[in-house]
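# Observations on the model geometry
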Amino acid sequence: MGSAKVVIEYCVPGAAVDGFVGRQSKSASRVCSSFEVKVNDQVVHSKLQTMSFPDFKEVVTVVKEVSDGAAPRQVEKMQPASCVIV
């Protein structure tokens, strides 16, 4: 989350960004964690539902929109999935 936090805070001054490690699943070669993005306590992306990370540029756009008074909306663009959560 480190780089996403830096980008959001840079692009949207005053945005409060935090995170935590969610559920984890282990495969032979790696550990994968759940990942959700919330804006004003509304989930705008869930890795558990989509099986992929959001497009972080779109996440920044959603945060900017909310900062300008819009309601949070779902992130539609995704990055390719690198693991499967079971």
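You'll find the protein chain entered in an unreviewed UniProt entry as Migration and invasion enhancer 1, with Amphibalanus amphitrite given as the organism.

## Focus: the nonpolar core
If you look at soluble globular proteins, the nonpolar side chains tend to sit buried side by side. Residues I8, V39, V44, V59, V62 and V63 are the most contacted members of the largest nonpolar core, which totals 13 residues. For this core, the element with the most residues is helix α3 (residues 56–67), which contributes five residues. Once residues within four sequence positions are removed from consideration, V59 is found in contact with I8, V37, P54 and V75.

## So, the pattern of salt bridges
If you walk through the whole model with that rule in mind, you get three salt bridges. Measuring nitrogen to oxygen at the nearest pair gives 2.8 Å for the salt bridge that ties R73 to E58. Within this pair, whereas R73 is found in the segment after α3, its partner E58 is found in helix α3, the two being separated by 15 residues in sequence. We classify R73 as partly exposed; its relative accessible area is 28%.

## Things to note about the side chain of E58
Overall, the relative accessible area of 9% leaves E58 in the buried class. At a separation of 3.2 Å, a polar atom in the side chain of E58 contacts the main-chain amide nitrogen of E76. If sequence neighbours within four positions are ignored, E58 has contacts with R73, Q74, V75, E76 and K77.

The rules behind these values
Residues numbered from 1 in each chain as written. Predicted model: local features only at pLDDT ≥ 70, side-chain atom pairs only at ≥ 80, totals over all residues. Heavy atoms only, no water. Core = buried A, V, L, I, M, F, W, Y, C linked by side-chain atoms within 4.5 Å. Buried < 20%, exposed > 50% of the residue type's maximum accessible area, 1.4 Å probe, protein only. Helix = DSSP H or I, 4+ residues; strand = E, 2+ residues; numbered from the N terminus. Contact = heavy atoms within 4.5 Å. Salt bridge = Lys/Arg side-chain N within 4 Å of Asp/Glu carboxyl O. Polar contact = N/O pair within 3.5 Å; in protein donor to acceptor, adjacent residues only side chain to side chain.

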